[in-house]
Amino acid sequence: MSVRVGVLGATGAVGQRLIQLLDPHPDFEIAALTASESSAGKQYSDAAKWRVDSPIPEGVADTTVGATDPEAVPDDVDLLFSSLPSSVGEAVEPAFAEAGYVVSSNSSNARLADDVPLVIPEVNHDHLDLIEVQRDERGWDGALIKNPNCSTITMVPTLGVLAQFGLEKITVSTLQAVSGAGYDGVSSMEIIDNVLPHIGGEEEKMETETRKLLGEFDGAAVDWHDVDVSASCNRVPTLDGHLENVWAETTEDVTPAEAEDAFRDAPGLDLHSSPESLIRVFEDPNRPQPRLDRNVENGQGIAVGPVQSTSDGLQYDCLAHNTIRGAAGASVLNGELLLDQGYL
Ligand code: NAP
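Below is a short write-up of the structure.

### Some points on the sheet that holds strand E6 (residues 143-146)
Taking strand neighbours across the sheet as the criterion, the six strands line up as E3-E2-E1-E4-E5-E6 in an open arrangement whose pairing is parallel. Edge positions in the sheet fall to strand E3 (66-67) and E6, since each has one partner strand and no second. Across two bridges, the pairing between strand E2 (residues 28-35) and E3 is parallel. Counted as the bridge partner of Ala35 is Ala67 from E3. Of the strands in this sheet, strand E1 (3-8), E2 and strand E4 (79-82) touch helix H1 (residues 13-22), which is tilted by about 160 degrees from E1. Sheet strands in contact with helix H5 (residues 130-138) are strand E5 (102-105) and E6, and its direction is about 140 degrees off that of E6.

Encoded structure:
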């Protein structure tokens, strides 16, 4: 039987991707869509400026958008995917969890909270059991779990693989697509013929979320990894797909060929949306490119270029689809993990 799910912030860039991924999903049935007060009460097709590359699913188009309020969501909905602005998520996500809903959220609020699992299934699925600590501490019947920021998700699966060689220092420079800022995020006057060399808060998110994701969970708390991460984040005029240049220093000597083999052997999971191969390594130094490679493994894969050796360690470029693997697809994978692990 399908799990009845809802989408909070269903009209936005990530909300639309969530609907695209959830509509054909064999285990989830869309039963509630919410957005801001200006959308509530409207038909979804009137409230959303639909921009995803497939039609609005039948059955969604004429659904009435509800208020983002626990009392307005049917009780028989078990799982909510949240793609709300973080200021809104901060206020309402705990209220939904307290009311008994399990919330799988994209928003940045509470990602670093001690009792909130921050999860990429292929990297740290064991952190999901932090839900037990959360429920004990907060007395919730529901739960709140997070996926990381889109720029963090692009890089961390590769770091999860390199961790076997001992991670010491990571330096990363990003080239991030405009869809990462949401539909109203960057004006065309700012981004056409231009690169914006700073994305507010993004560097800090990469530096902190990476360490929590790579940390050890002992059943009570996550001990953050002590790797030193320095990030510089740039917005570029691509539509989808974040490309990142990574420099990695490891405690053990590792050759580029060994690193590439380890990437190719990255262990996967058997969830419905799991990629067959988590990391695709290209031999061509001109890859990965956003337009050509953002849809590897239906947008759930990580594309990596040839690994080079530098005076300090390794250098490589990686790429992921920011609204699929970096946002909506990440939440859906976490939803599938919650189902697999008996939390729904
Ligand atoms: P977006 O396009 O601006 O969409 C925001 C959504 O939230 C819309 O559905 C909007 O509804 C709703 N909303 C706004 N204010 C609200 C309020 N006061 N109460 C209830 N609903 C409200 O943003 P987005 O790009 O989809 O991002 C959503 C979240 O995911 C953000 O926290 C973002 O940081 C995070 N994220 C985004 C990406 C990405 O690649 N875009 C990646 C990772 C994480 P209306 O249409 O009614 O205004």
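Resuming the write-up.
### Section: helix H9 (residues 256-264)
Among all positions in H9, only Ala259, Glu260, Ala262 and Phe263 are buried. Take H9 and look down its axis: the buried residues cluster within an arc of 160 degrees, on one side only. Where the residues of H9 are buried, they touch helix H6 (150-162), strand E12 (279-281), strand E13 (302-304) and strand E15 (314-320).

### Concerning the nonpolar core
Counting 38 residues, the largest nonpolar core has Met155, Leu162, Ile170, Phe263, Ile279 and Tyr316 as the members making the most contacts within it. When residues of this core are assigned to domains, at least three map to each of domain 1 (3-149 + 327-340) and domain 2 (150-321). With residues up to four places along the chain from it excluded, the contact list for Tyr316 reads Thr158, Leu159, Leu162, Glu244, Asn245, Val246, Phe263, Val304, Gly305, Pro306 and Val307. Within the second largest apolar cluster, 32 residues are counted, among which are Val7, Leu33, Ala47 and Leu79.

### As for the side chain of Ser274
Structurally, Ser274 can be placed in the loop between H9 and E12. Looking at Ser274, its side chain comes within polar contact range of the main-chain oxygen of Leu269, at 3.2 Å. A polar atom in the side chain of Ser274 sits 3.0 Å from the backbone nitrogen of Leu271. In this view, Ser274 contacts Leu269, Leu333 and Glu336; residues no more than four positions away in its chain are not counted.

### Describing the site of the ligand
Taken together, 27 residues surround the ligand, and among them Thr11, Val14, Ser36, Ser39 and Leu84 come closest. Within the backbone of Gly9, one N or O atom sits 3.1 Å away from an oxygen atom of the ligand. A distance of 2.6 Å is found between an oxygen atom of the ligand and a side-chain nitrogen or oxygen belonging to Ser36. Computed on the free molecule, the ligand has an accessible area of 910 Å², of which 76% lies beneath the protein chains in the complex. Sorting the residues of the shell around the ligand by element identifies H1, helix H3 (86-98) and helix H11 (324-340) as the ones contributing at least two each. Broken down by class, the residue content of the shell around the ligand amounts to 10 nonpolar, 17 polar and no charged.

### Remarks on a negative patch on the surface
Residues Asp114, Asp126, Asp129, Glu132, Asp136, Glu137, Glu168, Glu216, Asp218, Asp223 and Asp226 make up a contiguous surface patch of negative charge. Mapped onto the fold, Asp129 is located in the loop between helix H4 (121-124) and H5.

### Description of the environment of Val123
Residue placement: Val123 occurs in helix H4. A residue is classified by how much of its surface remains accessible, and Val123, at 24% relative accessible area, is partly exposed. Considering only alpha carbons, one finds Val123 and Val332, 209 residues apart in sequence, at a separation of 15 Å. Once you skip the residues sitting within four places of it in the chain, Val123 turns out to touch Val156, Pro157, Leu213 and Leu214.

The rules behind each value
Residues numbered from 1 in each chain as written. Predicted model: local features only at pLDDT ≥ 70, side-chain atom pairs only at ≥ 80, totals over all residues. Heavy atoms only, no water. Pairing = 2+ DSSP bridges. Helix = DSSP H or I, 4+ residues; strand = E, 2+ residues; numbered from the N terminus. Contact = heavy atoms within 4.5 Å. Axes fitted to C-alpha atoms, helices over the stretch in contact; angles between N-to-C directions. Buried < 20%, exposed > 50% of the residue type's maximum accessible area, 1.4 Å probe, protein only. Arc of directions from axis to C-beta. Core = buried A, V, L, I, M, F, W, Y, C linked by side-chain atoms within 4.5 Å. Domains from an automatic or database assignment. Polar contact = N/O pair within 3.5 Å; in protein donor to acceptor, adjacent residues only side chain to side chain. Near = heavy atom within 4 Å. Areas by Shrake-Rupley, 256 points an atom, 1.4 Å probe, with all protein chains shown as cover. Nonpolar A, V, L, I, M, F, W, Y, C, P; charged D, E, K, R; others polar. Patch = residues over 30% accessible without salt bridge, like charges linked within 9 Å, V, L, I, M, F, W, Y side chains within 5 Å. Salt bridge = Lys/Arg side-chain N within 4 Å of Asp/Glu carboxyl O. Lys, Arg positive; Asp, Glu negative; His and termini not counted. Charge placed at Lys NZ, Arg CZ, Asp CG, Glu CD.

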